[in-house]
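Commentary on secondary and tertiary structure
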Amino acid sequence: MEKNTKVILIFMLVITALLVIMIYFGTEREKIFDVEKGINPAKGNPASLITIIEFGDFKCPACKAAHPTINEILNEYNTSLYYRNFPLPMHGEIAFLSAEAAECANEQNKFWQYHEILFENQDILNKENLKLYAKQLNLNEEQFNNCLDSEKYKQEVEKDINNAKDLGVKGTPTFFINGKKVLGADKEKIKQIIEEAQ
């Protein structure tokens, strides 16, 4: 009899734990977050009622891999995409520096073009190359180099990181579609949220 009681008790504990996990993750998944767009311009239609905010890292292979999927979604749906920085410590100082460099490019209205170059050259990012990419885009080199060397956007990148942490972002890419969190470039989940919002 005692053995059966232990088995039933263990079974009930497992079921309770599973219910708690399901409730927690179900609530997290359906929660609507209030996410700031940040300072970078929109890609797509900035007047769209459907807003995608990505927290990404220019050194993150998963972010680079997600890039075609997100571009496909932008072409298929009337949406806007805003990029926020979340350079992961595991990618070293160059991830943070690349985020700062993208903000310096944004200062000269070339954020998305610079964004593209960073992902295309993800494996060879270093400070010298960050400055070379600015030159390739015909940015004012002196302005860009001064911006990067002075860490002008360090606090802005830190603000993005802190905002991401407050939203429970732990990895990249993390997307918020009209405030609904999606981990990774789950194309079907993103499309489902967009279609529900239309």
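Residues numbered from 1 in each chain as written. Predicted model: local features only at pLDDT ≥ 70, side-chain atom pairs only at ≥ 80, totals over all residues. Heavy atoms only, no water.

A word on the environment of Phe55
Structurally, the position occupied by Phe55 is in strand β2 (residues 51–56). Residues Phe55 and Arg84, 29 residues apart in the sequence, show an inter-C-alpha distance of 4.8 Å. (Helix = DSSP H or I, 4+ residues; strand = E, 2+ residues; numbered from the N terminus.)

Points about the packing of aromatic side chains
With the rule as written, the count across this model stands at seven aromatic pairs. On the numbers, 5.3 Å between centres and 50° between planes, the contact of Phe58 with Phe119 is tilted. Note that Phe58 is positioned in the loop between β2 and α2 (61–76) and Phe119 in helix α4 (residues 111–120), a separation of 61 residues in sequence. Each member of the pair, Phe58 as well as Phe119, carries the same accessibility label: buried. (Phe/Tyr/Trp six-rings, centres within 6.5 Å; stacked < 30°, edge-to-face > 60°. Buried < 20%, exposed > 50% of the residue type's maximum accessible area, 1.4 Å probe, protein only.)

Thoughts on the state of the cysteines
Throughout this description, disulfide means a covalent bond between two cysteine sulfur atoms. Under the definition given, this model contains one disulfide. Between the sulfur atoms of Cys104 and its disulfide mate Cys147 the distance is 2.1 Å. Note on the Cys104 and Cys147 pair: the S-S dihedral is about -85°, so by sign convention the disulfide is left-handed. You can see Cys104 sitting in helix α3 (residues 93–106) and its partner Cys147 sitting in helix α6 (residues 141–149), a full 43 residues away along the chain. Relative accessible area serves as the criterion here: at 3%, Cys147 is assigned to the buried category. Just so you know, Cys60 is unpaired, no disulfide at all, and the nearest cysteine sulfur is the one on Cys63, 3.1 Å from it. (Disulfide = S-S within 2.5 Å.)

A closer look at the environment of Asn75
Here Asn75 shows up in helix α2. Asn75 gets classed as exposed once you look at its relative accessible area, which sits at 71%. Measuring from C-alpha to C-alpha, the distance between Asn75 and Gly44 comes to 8.0 Å, with 31 residues separating the pair along the chain.

A word on the side chain of Glu54
Mapped onto the elements of the fold, Glu54 is located in strand β2. No salt bridge is formed by the buried Glu54; its nearest oppositely charged neighbour, Lys43, is found at 8.5 Å. With sequence-adjacent residues up to four places away left out, Glu54 is seen in contact with Cys63, Leu81, Tyr82, Tyr83, Arg84, Pro173, Thr174 and Phe175. (Lys, Arg positive; Asp, Glu negative; His and termini not counted. Salt bridge = Lys/Arg side-chain N within 4 Å of Asp/Glu carboxyl O. Contact = heavy atoms within 4.5 Å.)

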